[in-house]
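Architecture at a glance
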Amino acid sequence: MSMLNVYLFIELLKAADPSAVIAEVKKLELPNCTVKNAVQLADDKLVAHVDCKTGPDATRAVLEKFTSVNGIVQTNIIAVVKPKDG
């Protein structure tokens, strides 16, 4: 079964420390999902790549886990890619 590749655009509070937020994002415990990478684009913007088994798993990760990270004010899904097997 292939994973869904979910790409997130994350906006931070102006006072947030981007490095600390990235560290928290990478430590998130996401059932059936894995944070593959998170990088800083600007002082208040990050991009994250998360792989999830299903759409509902991805939805839970974004709505329940990313919203709990201090410093994150908005998370937008940029793209969801379902790689073709083979």
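For the structure itself, look to the data block above.
Report on the accompanying structure. (Residues numbered from 1 in each chain as written. Predicted model: local features only at pLDDT ≥ 70, side-chain atom pairs only at ≥ 80, totals over all residues. Heavy atoms only, no water.)

Here's the deal with helix α2 (residues 55–65)
What counts is decided by this rule: Residue burial is assigned from relative accessible area. The probe radius is 1.4 Å, only protein chains are included, and a residue is buried under 20% of its type maximum, exposed over 50%, and partly exposed in between. Only DSSP runs of H or I reaching four residues or more are called helices, and only runs of E reaching two or more are called strands; each is numbered from the N terminus. In this context, the arc is that of the directions from the helix axis out to the C-beta atoms. Contact criterion: two residues are considered in contact whenever any of their non-hydrogen atoms come within 4.5 Å of each other.
Of the positions making up α2, those classed as buried are Asp57, Ala58, Ala61 and Val62. All buried residues of α2 lie within an arc of 130 degrees about the axis, which places them on one face of the element. Counted as exposed and oriented over 90 degrees from the buried face of α2: Leu63 and Glu64. The elements touched by buried residues of α2 are β1 (4–12), β2 (33–42), β3 (45–52) and β4 (72–81).

Details of the nonpolar core
Using the following cut-off: Nonpolar cores are built from buried Ala, Val, Leu, Ile, Met, Phe, Trp, Tyr and Cys residues. Side-chain atoms within 4.5 Å join them into one set.
The biggest cluster of nonpolar side chains holds 24 residues, and the ones touching the most others in it are Leu8, Ile10, Val21, Leu30, Val50, Phe66 and Ile72. Looking at this core, the elements with two or more residues in it are β1, α1 (18–27), β2, β3 and α2. Here the element with the most residues in this core is β1; it accounts for five residues. Not counting residues within four places of it along the chain, the set of residues in contact with isoleucine 10 comprises Asp44, Lys45, Leu46, Ala48, Phe66, Ile72, Gln74 and Thr75.

Focus: the pattern of salt bridges
Quick note on the threshold: Within this document, salt bridges are pairs made up of a side-chain nitrogen of Lys or Arg and a carboxyl oxygen of Asp or Glu, the two lying within 4 Å of each other.
Taken as a whole and judged by the stated rule, the model has four salt bridges. A salt bridge links lysine 14 to aspartate 44; the shortest N-O distance between them is 2.8 Å. With lysine 14 in the loop between β1 and α1 and aspartate 44 in the loop between β2 and β3, this pair connects stretches of sequence that are 30 residues apart. Since its relative accessible area comes to 71%, lysine 14 is described here as exposed. Accessibility expressed as a relative area gives 13% for aspartate 44, which makes it buried. Across the salt bridge formed by glutamate 24 and lysine 27, the nearest N and O atoms sit 3.2 Å from each other. Within this pair, glutamate 24 and its partner lysine 27 are both found in helix α1, separated by three residues, close to a single helical turn. One continuous salt-bridge network, built from bridges that share partners, spans Lys14, Asp44 and Lys45.

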